[in-house]
Amino acid sequence: MLIDDTFTKLDQGRAITLKRKIDWHFDEFCESLKKTEGSVTYVMNVIRDRSLKNCQDELRKVLSCGATIDLIELGNENMYKKQSYSMIGGNANAFEYTKWVRKVAAALREVKPDIKLTVPAAHHWNQWNEDMGSEQMKQEGIFWDDMVMHPYVNVGSPIFNNGAMATLLSAPAQFEHMLKVWDTSSLKDTKLAFTEWGLNYEQETCPWGKSGTYAMTLLDAAIFIKILNLGQTGQVVQASRHILVTQASHGLYQYAGNPGEGNFVKTVNGAYFSKFIDVARDSQSLTVQTVSPELTDHVKAVTSAAFKQKNGNYKVLVVNTLDRAATTILTVGTSGAVFTQCSTSSFSEDIGAYPLYELDEDPFSIGIVTKCSEVSVPAYSISVVTMLRKKQ
């Protein structure tokens, strides 16, 4: 998020935004934050045409509107040549980056001493990560609190066939591999913020097309469950949904019609994500033990995350990536917890479809009463299992 980034107008994406006369409307954004009591993850350009003073002034402006800042991301994906504008060496050098950004961090903390600052990390281990975790970097001084990673999983394929589907269904395994590499690296003790994440593919040539398919949503939901569980371990301190409104597949909403004449509709991603938000609101996140069939070796076909509601009952988010119904055993709550009744509300579409919904439309089925000892979820489904706990 940039308030007045006139110096980035040469960037192709920014140029398109200007041509379309799209304004950020920062003041309205601040009003929205106040009404919703929301907070913001703030992305600040730190390496292109910046001075310490204008970085400070930018932070002061954000704070002046009353916004609560969870963290500042010091540059968007600056470990890549394109996103660093070749300002930190031809191939984006970590030491060149930190030489300047260390000063930016100190300047920002003069404005707000307790501001939380993060720096970028690559989701596929590379020289940047190696340098950021090196002894030389430690000697020069670690000035950041956490690191930001954008763990996009590559699922692209030029044709639609069994191989393409296998690549798509491997997304959770690819995601787990990224984190396993991190866990054995020199940065393993550094906590992560996922300010972007999802499935990555070439929209113009991939068979999923620009809008994508329900298959992508299914795997997106499975990765989201894994991120929730990483939050339980403390490895991931924050995760953001990217992006709210777009005509591409990863958005939660789309705008149907001509500008100013159409209306917003909900995508398949938006359908499951809004349901997950309803489940998580005003609740306590918990770990859940899941016993299920495996999609591939050591990769469970069913993933789940649990939330304890204020009334003491539990709701479990469940994603089944198998092409058939799966029976799973869910263990949540304290040892000896007894549940009197369980019900399952599910949502599934044709694997190649990508329907759109009205904003108030809920495609999840009405809850069907099931056994609590074993829960059955439909093929290729996203479900919410409600578990009513016996009152003591």
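As shown above, the structure is provided for reference.
Residues numbered from 1 in each chain as written. Predicted model: local features only at pLDDT ≥ 70, side-chain atom pairs only at ≥ 80, totals over all residues. Heavy atoms only, no water.

Asks: Before we go on, may I ask you to explain helix 2 (residues 26-36) in this structure?
Replies: Because an α-helix packs 3.6 residues into every turn, residues spaced three or four apart end up facing the same way. Along helix 2, the positions that sit buried rather than exposed are Phe26, Cys30 and Leu33. Seen from one end, helix 2 has its buried residues packed into an arc of 55 degrees, which puts them on one side. Away from its buried face by more than 90 degrees, helix 2 exposes Asp27, Lys35 and Thr36. At its buried positions, helix 2 is contacted by strand 1 (39-44) and helix 3 (52-64). Positive backbone phi, approximately 55 degrees, marks Glu37, located one or two places after helix 2. (Buried < 20%, exposed > 50% of the residue type's maximum accessible area, 1.4 Å probe, protein only. Helix = DSSP H or I, 4+ residues; strand = E, 2+ residues; numbered from the N terminus. Arc of directions from axis to C-beta. Contact = heavy atoms within 4.5 Å.)

Asks: What's the story with the packing of helix 8 (residues 171-183) against helix 9 (residues 214-233) in this structure? I'm lost.
Replies: Axis angle and axis distance: for two packed helices, these are the angle between their axes and the distance between the axes, and together they describe the pair. At a minimum axis separation of 9 Å, helix 8 and helix 9 run at an interaxial angle of 30 degrees. Of the possible angle classes, the one that applies to helix 8 and helix 9 is roughly parallel. For the pair helix 8 and helix 9, the sense of crossing is right-handed. Residues Ala171, Pro172, Phe175, Glu176 and Leu179 of helix 8 pack against Leu219, Ala222, Ile223, Lys226, Ile227 and Leu230 of helix 9. Broken down by class, the residue content of the contact of helix 8 with helix 9 amounts to 9 nonpolar, no polar and 2 charged. (Axes fitted to C-alpha atoms, helices over the stretch in contact; angles between N-to-C directions. Parallel < 35°, antiparallel > 145°, perpendicular 65-115°, else oblique. Left-handed = near helix turned anticlockwise from the far one by under 90°. Nonpolar A, V, L, I, M, F, W, Y, C, P; charged D, E, K, R; others polar.)

Asks: Help me out: how do you make sense of the environment of Thr303 in this one?
Replies: For Thr303, the location among the structural elements is in strand 15 (residues 302-308). Among the residues examined, Thr303 registers a relative accessible area of 10% and is labelled buried. Considering only alpha carbons, one finds Thr303 and Phe224, 79 residues apart in sequence, at a separation of 9.7 Å. Every residue in contact with Thr303, bar those within four places of it in the chain, is listed here: Ala222, Ile225, Lys226, Leu317, Val318 and Val319.

Asks: What is the right way to read the side chain of Arg50 from this model?
Replies: With respect to the helices and strands, the residue Arg50 is situated in the loop between strand 1 and helix 3. A distance of 2.6 Å separates a polar atom in the side chain of Arg50 from the backbone oxygen of Asn45. Within the structure, Arg50 has its side chain in polar contact with the side chain of Asn54 (distance 3.0 Å). (Polar contact = N/O pair within 3.5 Å; in protein donor to acceptor, adjacent residues only side chain to side chain.)

Asks: I would appreciate a short explanation of the sheet that holds strand 11 (residues 284-286) in the present structure.
Replies: Pairing between the strands of a sheet is mediated by backbone hydrogen bonds and can be parallel or antiparallel. One open sheet accounts for 6 strands, arranged 11-15-16-21-18-19; its pairing is antiparallel. Edge positions in the open sheet fall to strand 11 and strand 19 (368-370), since each of these has one partner strand only. Geometrically, the sheet is characterised by an average inter-axis angle of 30 degrees between neighbouring strands, direction not taken into account. Direction of pairing for strand 18 (residues 339-347) relative to strand 19: antiparallel, over a ladder of 3 bridges. The partner of Ser343 across the bridge, within strand 19, is Val369. (Pairing = 2+ DSSP bridges.)

Asks: Please clarify how helix 9 should be interpreted in this entry.
Replies: Relative to the 28 Å expected for 20 residues at 1.5 Å per residue, helix 9 spans 29 Å between its end C-alpha atoms, a close match to the ideal helical length. Positive phi shows up at Gly234, right after helix 9, with a value of about 90 degrees. (Expected span 1.5 Å × (residues − 1).)

Asks: Any chance you could explain the state of the cysteines here in plain terms?
Replies: Formally, a disulfide is one covalent bond, and it connects the sulfur atom of one cysteine to the sulfur atom of another. Within the structure shown, the criterion is met by 2 disulfides. There is a disulfide in this structure between Cys30 and Cys65, and the S-S distance comes to 2.1 Å. The S-S bond linking Cys30 to Cys65 shows a torsion near -75 degrees; that makes this disulfide left-handed. Remark: Cys65 occurs in the loop between helix 3 and strand 2 (68-74) and Cys30 occurs in helix 2; sequence separation between them is 35 residues. Using a relative accessible area of 3% as the deciding quantity, one classes Cys30 as buried. Here Cys342 connects covalently by a disulfide to Cys372, the sulfurs 2.1 Å from one another. Taking the torsion about the S-S bond as the criterion, the Cys342 to Cys372 disulfide, at about 115 degrees, is right-handed. (Disulfide = S-S within 2.5 Å.)

Asks: I keep staring at the packing of aromatic side chains and nothing clicks. Help me out?
Replies: Two numbers describe a pair of aromatic rings. These are the distance of the centres and the angle of the planes. The tally for this structure, following the rule as stated, stands at 16 aromatic pairs. Measuring from centroid to centroid gives 5.0 Å for Tyr272 and Phe276, while their planes differ by 75 degrees, and the two rings are edge-to-face. Of this pair, Tyr272 and Phe276 both sit in helix 10 (residues 268-280), 4 residues apart, which is roughly one turn of that helix. Ring centres 5.6 Å apart and planes at 80 degrees place the aromatic pair Tyr314 and Phe339 in the edge-to-face group. (Phe/Tyr/Trp six-rings, centres within 6.5 Å; stacked < 30°, edge-to-face > 60°.)

Asks: Can you walk me through the sheet that holds strand 12 (residues 289-291) in this structure?
Replies: Spatially, the 3 strands line up as an open sheet ordered 12-17-20, and their pairing is antiparallel. Each end of this open sheet is capped by a strand with a single partner; those strands are strand 12 and strand 20 (375-377). Each strand axis lies, on average, 35 degrees off the axis of its neighbour in the sheet, ignoring direction. Note: strand 12 against strand 17 (residues 326-331), 3 bridges, orientation antiparallel. Each residue of the ladder has a partner; that of Val291, found in strand 17, is Ile329.

Asks: Help me out: how do you make sense of the pattern of salt bridges in this one?
Replies: Pairing between side chains of opposite charge can happen when the charged atoms of each approach one another. Within this structure, the stated rule accounts for 14 salt bridges. Between Glu135 and Lys138 there is a salt bridge, and its shortest N-O distance comes to 3.5 Å. In this pair, Glu135 and Lys138 are both assigned in helix 6 (residues 135-140), 3 residues apart and thus about one turn of the helix distant. When the shortest N-O distance is used, the salt bridge between Asp323 and Arg324 registers 3.1 Å. In this structure, a network of salt bridges that share partners links the residues Lys53, Asp57 and Arg60. (Salt bridge = Lys/Arg side-chain N within 4 Å of Asp/Glu carboxyl O.)

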